[in-house]
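# A closer look at the structure
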Amino acid sequence: MVWNKLISARGCLPLTTAILATLLAFYQPRGAQAQPQSDAPSFEDLLKEISSAPADACQPGKDFGDLEWHLFDQADRAVVQKLNAMGGSPQVRAIEALTELEHLSAEINRSWPDEKRFHFKVVDLPPAVLVEMTFRNRATFSFFAASHQDNYGKPTNRWKVVGALDDHRAKPIGGYDWLDLFRLEQGPAKRARFLAKFGDAGCGSGVGVAYYAYEWNPENTGDLSEFIKLEGAVSQYDRTDNRQSGKGDLPDSFSPIGELRTRSRLIELPYCWFSAVDTWNNPSLCAADSYDLSGDRVRFIDTVFNRPDLVAVAKAIEHSQAHDYWAVLAYCGSADVARQMLRDVPSLVFGAGGLNVTRNGTAKETVEIVGQETFHFDVERREGRWLVIAFRVYETSN
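Residues numbered from 1 in each chain as written. Predicted model: local features only at pLDDT ≥ 70, side-chain atom pairs only at ≥ 80, totals over all residues. Heavy atoms only, no water.

### Things to note about the layout of surface pockets
When its volume is computed, the second largest pocket comes out at roughly 310 Å³. Every residue lining the second largest pocket is counted, 24 residues in all, and those nearest its centre are K197, Y211, V234, S235 and P270. Counting only elements with at least two residues in the lining of the second largest pocket, the list comes to strand 5 (176-183), strand 6 (192-201), strand 7 (207-216), strand 9 (266-273) and strand 10 (285-292). Classifying every residue of the lining of the second largest pocket gives 16 nonpolar, 4 polar and 4 charged. (1 Å grid on protein atoms, 1.4 Å probe; cavity = no way out; pocket = protein on both sides within 12 Å on 5 of 7 lines; lining within 4 Å. Points joined across faces, edges and corners; volume = space filled by probe spheres on them. Helix = DSSP H or I, 4+ residues; strand = E, 2+ residues; numbered from the N terminus. Nonpolar A, V, L, I, M, F, W, Y, C, P; charged D, E, K, R; others polar.)

So this is what it looks like as structure tokens:
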């Protein structure tokens, strides 16, 4: 049916020509789309249309997310056009194009606070150009490069936008994004690498963090290669809170662990996550993942946890709720305990009544999560790993 419509619509055009034209329209890459189009609203037009919105996207009103997406897209087009012009280094040409857009926003959005207007930063990542862009509550990045060949294998030296997963282009109404970009160590093949660290928050509470690491291969005409994707949350505790108060070695210490390190071949990415051991709207468990960038293939090295004893409890609960026996067994000291947890752990475990941890020596603990019911766990460290060795549920006393 599709081919019949193509033939009737194209009339005397050969069938192969009609098919090719249709495929080009639907599958044109993002880099090729970043060319001036007379029928698309300009960057200035979009600024004017959005200027009627509140500067803060958390204020009630219309969702301008689609227009914001197109605004960043038009910024890409302006940069590509400038990059393909003669004169100056690529970084200088990109800065010139983006500065013009920044001046437009300063004029059209002058009633907004300065931080809500269009702004940019250019990261030195030769031979490519990496740009951070912000507008209202949004943050995103764009990567520009001159590929050795086009999508049909023909030699070219034209600049284009190289697409990337998880660039945070389109977001629902409300909330906040912020972004930090970091150059990463190259492997033996000398391919450009970078890390995008996104923070996000809703209009109420809760703060997320996400890390996305990318590599660009100039021989590849597709998108950036994403080799790290790590998404989590941010604790409201500071890393030093419990240390400064002298609580660092106590069972109720939930300080985050690790530090963000990106300037050597070994990088470290800290994060937290929500789990069944939380007692309020804050993630108790935190970790730091490390990676080795010395080779062309990036290698995961290790994860360290702030509370490995409670990780075993939280993971055993999580996998019990998913009814995944083998995953539960990985955090239990015996098959009997794993099967008991599969039978008795309900779909919701939340310690609204508190989390009680009692240490019974250096390698044993009793953990109680108090909610509508009390969940009792005996955990033990065996060969460097904490495991649940006993489990029971009983009614919470009033």
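Now, onward.
### What about the side chain of H376?
With respect to the secondary-structure elements, H376 resides in strand 14 (residues 373-382). For H376, a relative accessible area of 8% gives the class buried. There is a polar contact of 3.3 Å between the side chain of H376 and the side chain of E368. What H376 contacts, discounting residues up to four positions off in sequence, is T366, V367, E368, A390, F391, R392 and Y394. (Buried < 20%, exposed > 50% of the residue type's maximum accessible area, 1.4 Å probe, protein only. Polar contact = N/O pair within 3.5 Å; in protein donor to acceptor, adjacent residues only side chain to side chain. Contact = heavy atoms within 4.5 Å.)

### Let's talk about the pairing of strand 2 (residues 128-135)
With respect to burial, strand 2 is a largely interior element, 7 of its 8 residues being buried. Here strand 1 (residues 119-125) pairs with strand 2 via 7 bridges, running antiparallel. Within strand 2, the residue paired with V123 across the bridge is L130. Two successive antiparallel strands, strand 1 and strand 2, enclose a turn made up of 2 residues. (Pairing = 2+ DSSP bridges.)

### A few points about the environment of I50
Tracing the backbone shows I50 in helix 4 (residues 43-50). In the structure, I50 is positioned 59 residues away from N109 in sequence and 8.8 Å away in space, judged by C-alpha atoms.

### Let's talk about the pairing of strand 10
With respect to burial, strand 10 is a largely interior element, 8 of its 8 residues being buried. Residues L285, A287, D289 and Y291 point to one face of strand 10 and C286, A288, S290 and D292 to the other, with burial holding for every one of them. As defined by bridge partners, strand 9 adjoins strand 10 across 8 bridges and the pair is classed as antiparallel. Across the sheet, the residue bridging to E268 is S290, located in strand 10. Bridge count between strand 10 and strand 11 (residues 299-305): 6 bridges; the pairing is antiparallel. Counted as the bridge partner of Y291 is F300 from strand 11. Connecting the antiparallel pair strand 10 and strand 11 is a turn made up of 6 residues.

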